[in-house]
Amino acid sequence: MNLHFNIDYQTAFGEELVLNIVQPGLKANGEQRVSCYRMSTDGTGRWMCDIRRKTAGADFIDYYYAVERDGEQTRHEWLVAMHRLELRSMAGDNYTIYDHWIDTPEDAYLYSSAFTDCIATHEQQLAPKTVYPVTVCIKVRAPQLRSGERLAIVGEDEVLGSWEAKRAVNMTEHNYNEWVVCIDATRLARPLLEFKFVVLDEEEDVTPMWEDGMNRTVVLPAMEQGDVVVYELSQAFFPIHNRKCAGTLVPVFSLRSEGSFGVGDFGDLRMMIDWVAQTRQRVLQVLPINDTTITHTWTDSYPYSCISIFALHPQYADFRQLPELKDEKLKIENEKLRQELNALKQIDYERVNQAKNEYLRLLFAQEGKQVLGSDAYKRFFAENKHWLAPYAQYSLLRDQYGTADYTQWPDHNTFCEDDRKALENPRTKLYKEVAYFYYVQFVLYTQMKAAHEHARSKGVILKGDIPIGVNRYGCDAWQEPRYFNLNGQAGAPPDDFSVNGQNWGFPTYNWDEMIKDGCLWWVRRFSNMAKFFDAYRIDHVLGFFRIWEIPVNAVHGLLGQFQPALGMTREEVEAYGLKWQEQLFTEPYIRDWVLDRIFKEHTEEVKANYLDHVADDVWRMKPAFDTQRKVEAAFEGKTSDKDIWLRDGLYALISDVLFVRDHKDAEKFHPRISVQFDFIYESLNGGDKYVFNKLYNDYYYRRNNQFWYREAMKKLPKLVQATRMLVCAEDLGMVPDCVPWVMNELRILSLELQSMPKDPTTKFGHLSRNPYRSVCTISSHDMPTLRQWWDEDYERTQEYYNTMLHRGDGAPHPLPGWLAGDIISRHLTSPSMLCILSIQDWLALDEKLRLPDANAERINIPANPRHYWRYRMHLTIEQLMASDEFNNNLKELISHAGRK
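First things first, this report covers the structure right here in the doc. Not measured: the values here are computed from a predicted model.

One pass over the structure, following the stated rule, counts 61 salt bridges. Across the pair Arg320 and Asp268 runs a salt bridge whose closest N-O atoms are separated by 2.8 Å. One end of the pair, Arg320, is in the loop between β20 (283-285) and α3 (328-342); the other, Asp268, is in helix α2 (residues 266-278), and 52 residues separate them in sequence. By relative accessible area, Arg320 is classed as partly exposed at 38%.

Quick look at the structure:
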């Protein structure tokens, strides 16, 4: 079998084209096996490659083209939907293939599993086998087709139906959104094919839909017996409007049902999917579901501080899907405890997790041997042992040594690959010691996989959340420390969520090391997530451009700097007109007048206990208190208002600098974020303030744009194309201009909040200006709910009421249900592809159903790094599904907005 590939592509000098054919199976590191073939050109821009293959073999091949320079592939086609060539369906010896280069299409979202597997499902299959002496194969992509629709080809020739749609030749969807048909060339009246594509419905009385544009024509070459010519044509477009969907955001832990165990579980998730489908929504978004167990205390409730990017949290195990305990006494005791914990208004994280872990250990003792001997478990273990073995050993050692800080363990301070063989051998002592953790993850994997399959069967997109960071004492940092900078802390600069910035405590990523192996750690992470979700939210996508890195000795985020970033030299600062004074600009600015302003009547106490006198009115911190972490340690356990006030004042002194020194190059500096609100800035004269502001704005909004664009494009394209999940991003905060460049180029959905507009010249966003490729929402888990926001600032609410809702009277307080309905309706009618509202904001519609205390609905307060994540729905899902009036109201709002 001879394959002759042809593609038109204009290369630059020094570039060549390479054909990459994907081979079955994966490499040991999880990457695809690819065979590369160098192409040749005739000098006109056409590139060609001839390959001889054995006739027997695969039914089809998938392949893509790439540009190569100096032996390195520098650019390649879109990998989510590669070229596919069928071999078994056509009887031929010589295949001539005419392709075109495939870049990321504008409608890339239609190729995501969110659409192909949940919303617009079609059955894929190979084209019917033909034995034509000479074959013409036509391939075309038509991603707009909806469920129940199929593509056909109709044309001038009798073989193509003589322009009669009812006689059109049906095509076969053999790859995602790509349709193919094989035609007997010997039956064609002439070598010129003139045709169009048409959409037919499974309901015969539906009028066929013809593609837009002029008739297509293909001039066939001279062909001999055994020849097959394959034409890959440009996409077919039809007058079909863009799909818009509605959805709900709720953390899994916040779900409540009659049978749950004090916290939402994967069984509750299935029930919530049913409610979403019942109300004609299409998306259910959840927060991260990974294991966060560090201390076995309530501080582990933070879902964005995972210890493993793969392991699921044991608290989500649904006991209703597991065998009952055979011990009647234990069974009765656990049922009594379940009812008690399930009746609580909020989650008691420590009691719930202790109870569920004890129950799982009892069940493991009862059922473990049988489960671990099952074929399903063996398949699960074989597929996941690369992460499962280190995670299980980490969990064992964490509990054995009483701390997750592996640097304090007497041994095994990093994962040792030499232990892997024993961890994976059921006959070893070590395997038996960790087998419980294998069992729990198998239970969780099975239940979450079933929930995902249930969502697809209901036409619901399950949307997950990928945190930007991992816990510095988690399994990931323990197993592969080379990927992390453990001497820094990830966070966010000051924003509407926190005036001092956010310090998440996560280690930052060593991107140089990650890029060396093609971001394999991230690719595996995304690939694993695709087992459970069809869409995902990238938490803090700005971190892929640059992360806010805070020194380990800092508590707040004000002393951070963007990494990577182009720091400024002393000469660059002076070039703006600001005379460089290193000591003044880089050390805390502590003067008598500053101390009086901060500490008032306690100034002398602060001077005596925490400061050393330098000269005149100049002071510096004593060495015992010269970092925020030292101050934090000194005030640990002191909870009086005065102590907290003194501590926060000392924090403010330490962060009062005009520039921070670069973490990697001591000869470069970064203007300190938000320093315009501090005393060092106040001390500058008017001219220096003007110069500094110019420098500051150039640095944060212009200087790094191209640099950060290149940094993001080293990472995000590979990650976005690692799976077919629909990619959404949280792009809020201090957003540089390069972020929308990259998101548009990669077709990533943005997040749009009317209360946090992207346009700095407006106070409230105009919903009608939302881009289609976006997710519209009213509030997130980090924000006050709609009802809380409404009552937070009466003056702001009144302005919103008058300018956005166009109502002239006084805004009513608290927010009435009818007005919540008006706000929700306006969001639903926005152009955004997805409108996803929190369950609290949906419930704001119904004054009888919603929680009386709006403040009890808050999930997280970002300004508090030790917030207890314990919000739980006050209604059971059973009650929610039985609330006909509320559900009908939702369905009506969604339907009227054209979302379905």
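Our next topic: the environment of Asp662. Summarising the element assignment, Asp662 is placed in the loop between β29 (659-661) and β30 (669-671). In this structure Asp662 comes out as buried when scored by relative accessible area, which is 10%. Put simply, Asp662 and Ile102 are 560 residues apart on the chain and 42 Å apart in space, counted from C-alpha to C-alpha. Looking at Asp662, its side chain comes within polar contact range of the main-chain nitrogen of Lys664, at 2.8 Å.

Strand order in this open sheet of eight strands is β31-β24-β21-β20-β19-β34-β33-β32, and the pairing throughout is parallel. What marks the edges here is a single partner per strand, and that holds for β31 (726-729) and β32 (750-753). Direction aside, the axes of adjacent strands within the sheet are offset by 25° on average. The sheet contact formed by β20 and strand β21 (residues 461-466) spans three bridges and is parallel.

Following the criterion strictly, the structure yields seven cavities of 30 Å³ or more and no others. Along its surface, the largest cavity is lined by 19 residues, and Trp78, Ala108, Val720, Met725 and Val727 are the ones closest to its centre. For the lining of the largest cavity, a count of residues per class yields 13 nonpolar, four polar and two charged.

Our focus in this paragraph is unusual backbone geometry. Cis geometry marks the peptide bond from Gln563 to Pro564, where omega comes out at -5°. Along the chain, Pro564 falls in the loop between β26 (561-563) and α11 (570-575). Here His813 and Pro814 are connected by a cis peptide whose omega angle stands at -10°. Residue placement: Pro814 occurs in the loop between α22 (794-803) and α23 (817-828). At Trp163, a position not held by glycine, the phi torsion is positive, near 65°. Residue position: Trp163 is located in the loop between β11 (149-155) and β12 (169-170). Accessibility expressed as a relative area gives 30% for Trp163, which makes it partly exposed. One non-glycine residue, His806, lies in the positive phi region at around 55°.

Rules and cut-offs
Residues numbered from 1 in each chain as written. Predicted model: local features only at pLDDT ≥ 70, side-chain atom pairs only at ≥ 80, totals over all residues. Heavy atoms only, no water. Salt bridge = Lys/Arg side-chain N within 4 Å of Asp/Glu carboxyl O. Helix = DSSP H or I, 4+ residues; strand = E, 2+ residues; numbered from the N terminus. Buried < 20%, exposed > 50% of the residue type's maximum accessible area, 1.4 Å probe, protein only. Polar contact = N/O pair within 3.5 Å; in protein donor to acceptor, adjacent residues only side chain to side chain. Pairing = 2+ DSSP bridges. Axes fitted to C-alpha atoms, helices over the stretch in contact; angles between N-to-C directions. 1 Å grid on protein atoms, 1.4 Å probe; cavity = no way out; pocket = protein on both sides within 12 Å on 5 of 7 lines; lining within 4 Å. Points joined across faces, edges and corners; volume = space filled by probe spheres on them. Nonpolar A, V, L, I, M, F, W, Y, C, P; charged D, E, K, R; others polar.

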